[in-house]
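# Coordinate analysis (summary)
What follows is the residue order along each chain.
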Amino acid sequence: MNTMPKIALGAWSWGAGAAGGDQVFGSRLFEDDLRPVFARALACGLILWDTAAVYGEGTSERILGNFVKDVSRERVILSTKFTPQIASDSPEAMQEMLDGSKERLHTDVIDIYWIHNPMDVEKWMPKLIPLARSGQIKAIGVSNHNLTEIKRANEILGTAGLKVSAVQNHLSLLHRSSERAGILDYCKENGIAFYAYMVLEQGALSGKYDMAHPFPEGSDRAKAYGPVLPQFEKLVEAMRQIGGKYGASPAQIAIAWAIAKGTLPIIGVTKAEQVEAAAKAAEIVLTAEEVSELETLGDAANINTLREWEKEM
């Protein structure tokens, strides 16, 4: 297995369609736009890519797969997801969704396969066992699961000598529910990688948006963060000041914070320069004081960034 980079690159905003880049992010990006992004990632050694069958009804996987097929498979680590809500009624529903992902991604093996959310843990967890045993998936992850559900998933997999290798939950300076619920500690104690998604709150913590520079109109993120932008101005200002010491942007400080928490942040990338910025952020080591100051301001912003598909942990 390749050495794990300190960050994963996310392809949620790639493509279009239901749960796709156009609806969630207000963008429409395809192969021609994104090829330079993939190339720059390889050059920077950022080889871990996170996607899902549900993103843009498969377009995110398809675009990524069109790049993957042109490089040797060992040069990338692929993470994709089984989403219960779009599963068919067939007894082979999980195998079918995995087959679709493998086809779009041009691969026989998925490095990390996730259950996207905890809809019926008892039904779906056991179905991962044959996929792992047959070598179609190398590692198993659970996303948006709370501590009880993660432990239960581990029990079910444990009957087959398998385990949960990774947890992927929302974690940011504005949303530390997984930390407070003890999930980060549980992961550390059990050698489970914690993938933090929405570390930048879909750009709200990038320092790019404020009352004078609103989010793309009509996008989900405009609805979620637009009304509360003034509430996290102090936090973004502190990120800017701390960034000054490291020659870093607020977005890079948010990424460095997630790494300081012992997590592996997933950073959505749509431009080559964002890849470079993410690679540089992975080198920043914040002090304990800086981490604490940022968390105090994050808490003081008092914003609920729980989204419609999520629950408190």
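Notes on the structure in this doc start here. This one's a predicted model, so the numbers in the text were calculated from it and none came from an experiment.

## Side note on the overall build of the protein
Summing up its helical and strand segments, the protein has 13 helices and eight strands in all. Against the compact-globule benchmark of 20 Å for 313 residues, the protein has a radius of gyration of 19 Å, which places it among compact chains. The principal-axis extent of the C-alpha atoms belonging to the protein is close to 50 × 40 × 35 Å. Counting over 313 residues, the protein shows a buried share of 58%.

## Describing the nonpolar core
Counting residues in each nonpolar core, the largest one holds 115 residues, and the members touching the most others are Trp49, Tyr113, Met125, Leu128 and Phe232. With sequence-adjacent residues up to four places away left out, Trp49 is seen in contact with Leu9, Trp14, Val37, Phe38, Ala41, Leu64, Val76, Ile77, Leu78, Ser79 and Val269.

## Comments concerning empty space enclosed by the protein
Within this structure, the stated rule accounts for one cavity of 30 Å³ or more. Roughly 40 Å³ of volume is contained in the largest cavity. As for the largest cavity, its lining consists of Asn144, Asn169, His170, His175, Ser177, Tyr197, Glu310, Lys311 and Met313.

## Describing the sheet that holds strand S8 (residues 264-268)
Taken in spatial order, the eight strands of this closed barrel run S1-S2-S3-S4-S5-S6-S7-S8, and their pairing is parallel. In this sheet, neighbouring strand axes are inclined to one another by 30° on average, regardless of whether the strands run parallel or antiparallel. Two strands pair when backbone bridges link them, and strand S7 (residues 193-197) and S8 are joined in this way by two bridges, in the parallel orientation. By the bridge assignment for S8, Tyr195 is matched with Leu264.

## Some details on the layout of surface pockets
Here the second largest pocket defines a volume of roughly 200 Å³. What lines the second largest pocket is simply Leu174, His175, Arg176, Ser177, Arg180, Gly298, Asp299, Asn302, Ile303, Asn304, Thr305 and Glu312. Of all the elements in the fold, those that place two or more residues in the lining of the second largest pocket are helix H7 (177-180) and helix H13 (288-301). When its residues are assigned to classes, the lining of the second largest pocket shows two nonpolar, six polar and four charged.

## Things to note about the packing of aromatic side chains
Here the structure, examined in full by the defined rule, presents 11 aromatic pairs. An angle of 25° between the planes, with centres 5.6 Å apart, marks the rings of Trp12 and Tyr55 as stacked. Here Trp12 is found in the loop between strand S1 (8-10) and helix H1 (21-24), whereas its partner Tyr55 is found in the loop between strand S2 (48-50) and helix H3 (59-68), with 43 residues between them in sequence. Taken individually, Trp12 and Tyr55 each receive the classification buried, so the pair is uniform in this respect.

## Structural notes on helix H2 (residues 31-44)
A rise of 1.5 Å per residue sets the reference length of H2, with its 14 residues, at 20 Å; its end C-alpha atoms lie 20 Å apart and thus fit the reference within 8%. Among the residues making up H2, those that are buried are Glu31, Leu34, Val37, Phe38, Ala41 and Leu42. Taken around the axis of H2, the buried residues stretch over an arc of 135°, which confines them to a single face. Exposed residues pointing more than 90 degrees away from the buried face of H2 are listed as Asp32 and Ala43. For H2, the secondary structure elements touched by its buried residues are S1, S2, H3 and helix H12 (272-281). In the stretch just after H2, Gly45 is the one whose phi turns positive, near 75°.

## What about the pairing of strand S4 (residues 110-115)?
Taken across its six residues, S4 has six buried, putting it largely inside the fold. Across four bridges, strand S3 (residues 77-82) lies against S4 in parallel orientation. Residue pairing across strands places Ser79 opposite Ile112, the latter belonging to S4. Crossover connection from S3 via helix H4 (residues 93-105) to parallel S4: handedness right-handed. Note: S4 against strand S5 (residues 137-143), five bridges, orientation parallel. Bridge pairing in S5 places Ile110 opposite Ile137. Note on the crossover from S4 through helix H5 (residues 121-133) to S5: the handedness is right-handed.

Procedures and definitions
Residues numbered from 1 in each chain as written. Predicted model: local features only at pLDDT ≥ 70, side-chain atom pairs only at ≥ 80, totals over all residues. Heavy atoms only, no water. Helix = DSSP H or I, 4+ residues; strand = E, 2+ residues; numbered from the N terminus. Rg over C-alpha atoms; globule rule 2.2 N^0.38 Å. Buried < 20%, exposed > 50% of the residue type's maximum accessible area, 1.4 Å probe, protein only. Core = buried A, V, L, I, M, F, W, Y, C linked by side-chain atoms within 4.5 Å. Contact = heavy atoms within 4.5 Å. 1 Å grid on protein atoms, 1.4 Å probe; cavity = no way out; pocket = protein on both sides within 12 Å on 5 of 7 lines; lining within 4 Å. Points joined across faces, edges and corners; volume = space filled by probe spheres on them. Pairing = 2+ DSSP bridges. Axes fitted to C-alpha atoms, helices over the stretch in contact; angles between N-to-C directions. Nonpolar A, V, L, I, M, F, W, Y, C, P; charged D, E, K, R; others polar. Phe/Tyr/Trp six-rings, centres within 6.5 Å; stacked < 30°, edge-to-face > 60°. Expected span 1.5 Å × (residues − 1). Arc of directions from axis to C-beta. Right-handed = clockwise from strand over helix to strand, strands pointing away.

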